[in-house]
Amino acid sequence: MTRAAGGRSAERAARGGAGEARGGAGEARGRAGEARGGAGEARGGAGEGAAARPARLTGAQAHARYEALVARAMTAEDPVAALRAAAEDPALPPTLRRALLDADEDGVRMSALLVARLRFERLLRGSPEAEAWFDRDPAEFSAAFRRYHAEVPPTAFFPPGEARLFRRWIEARSAPARAR
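Here the structure is a predicted model, which is why all the values come from computation and not from measurement. (Residues numbered from 1 in each chain as written. Predicted model: local features only at pLDDT ≥ 70, side-chain atom pairs only at ≥ 80, totals over all residues. Heavy atoms only, no water.)

Observations concerning the environment of Ala156
Logical step 1: Position of Ala156 relative to the elements: it lies in the loop between helix 8 (138–151) and helix 9 (159–179).
Logical step 2: For the pair Ala156 and Leu123, spaced 33 residues apart in the sequence, the C-alpha separation amounts to 9.8 Å.
Logical step 3: If sequence neighbours within four positions are ignored, Ala156 has contacts with Arg122, Gly161, Glu162 and Leu165. (Helix = DSSP H or I, 4+ residues; strand = E, 2+ residues; numbered from the N terminus. Contact = heavy atoms within 4.5 Å.)

Written out as structure tokens, the structure reads:
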């Protein structure tokens, strides 16, 4: 695939490497808001018929949206199905939609497993409380981690950041129970 036919991100995904998951996933998520905000701006200035057709994204907005979709798929229960569903996004250009469809299924699954494993390791290294919970009750901790991994985008690069994300997630889940 050439640079003009989808760029490096599309090329990586088509090969199944999902390179965004390795190092740029946090960056993709950091720019996800730009993609959403940019799409909203495009819709906000359009005429009456804009609601019937998808917003036209700039190249940068389309790639940011693509990267955010790939990053989100890496935390999905079924990452292949998530990529296939993402390929239905009408706002993406055809080259990026094709890259999502052409991604090697085994490569996508392996990338998602690596993302989860690295995240799990970062959490245990960054949080003595999480490590103690895992030692005390591995099944309960693993179930909680699966929910956390699915609900909270992986934006931390280092163990302390992952620990903060996990702590906030735990606190948010326990806040409704305390309010009762």
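Continuing now.
Some words on the pattern of salt bridges
Logical step 1: All chains considered together, the criterion is met by nine salt bridges.
Logical step 2: Here Glu105 ties to Arg109 by a salt bridge, and the two come within 3.5 Å at their closest N and O atoms. With Glu105 and Arg109 both in helix 6 (residues 105–126), this residue pair falls four residues apart, about one helical turn.
Logical step 3: Note on Glu105: relative accessible area 37%, which makes it partly exposed.
Logical step 4: Take Arg109: its relative accessible area is 37%, and that puts it in the partly exposed class.
Logical step 5: As a salt-bridge pair, Glu162 and Arg122 come within 2.9 Å of each other at their nearest N and O atoms. Here Glu162, found in helix 9, pairs with Arg122, found in helix 6; they are 40 residues apart in sequence, far enough to count as distant. For the pair formed by Glu162 and Arg122, the shared burial category is buried.
Logical step 6: Each of Arg84, Glu105, Asp106 and Arg109 takes part in salt bridges that share partners, so that together they form one network. (Salt bridge = Lys/Arg side-chain N within 4 Å of Asp/Glu carboxyl O. Buried < 20%, exposed > 50% of the residue type's maximum accessible area, 1.4 Å probe, protein only.)

Digging into the side chain of Arg119
Logical step 1: Inspection of the secondary structure assignment puts Arg119 in helix 6.
Logical step 2: Contact partners of Arg119, with chain neighbours within four places excluded, come to Thr75, Phe145, Tyr148, His149, Val152, Pro153, Pro154, Glu162 and Leu165.

Quick word on the nonpolar core
Soluble globular proteins tend to bury their nonpolar side chains together.
Logical step 1: Membership of the largest hydrophobic core comes to 19 residues, with the highest contact counts inside it found for Tyr66, Met74, Leu83, Leu100 and Val108.
Logical step 2: Elements with a minimum of two residues in this core: helix 3 (59–73), helix 4 (79–86), helix 5 (94–102) and helix 6.
Logical step 3: When residues of this core are assigned to their parent elements, the largest contribution, four residues, is made by helix 3.
Logical step 4: One finds Leu123, Leu124, Phe166 and Trp169 within the second-largest nonpolar core, a separate group that totals 13 residues. (Core = buried A, V, L, I, M, F, W, Y, C linked by side-chain atoms within 4.5 Å.)

Here we look at a nonpolar patch on the surface
Logical step 1: Together, Met110, Leu113, Leu114 and Leu118 give the surface a local cluster of nonpolar side chains, amounting to about 400 Å² of exposed area.
Logical step 2: Take Leu113: it is sitting in helix 6.
Logical step 3: Under the relative-accessibility criterion, Leu113 is labelled exposed at 57%. (Patch = residues over 30% accessible without salt bridge, like charges linked within 9 Å, V, L, I, M, F, W, Y side chains within 5 Å. Areas by Shrake-Rupley, 256 points an atom, 1.4 Å probe, with all protein chains shown as cover.)

Focus: the packing of aromatic side chains
Logical step 1: Following the criterion strictly, the structure yields eleven aromatic pairs and no others.
Logical step 2: Judged by centre distance (5.9 Å) and plane angle (55°), the ring pair of Phe141 and Phe166 falls under tilted. One end of the pair, Phe141, is in helix 8; the other, Phe166, is in helix 9, and 25 residues separate them in sequence. Phe166 matches Phe141 in its accessibility class, with the two residues each being buried. (Phe/Tyr/Trp six-rings, centres within 6.5 Å; stacked < 30°, edge-to-face > 60°.)

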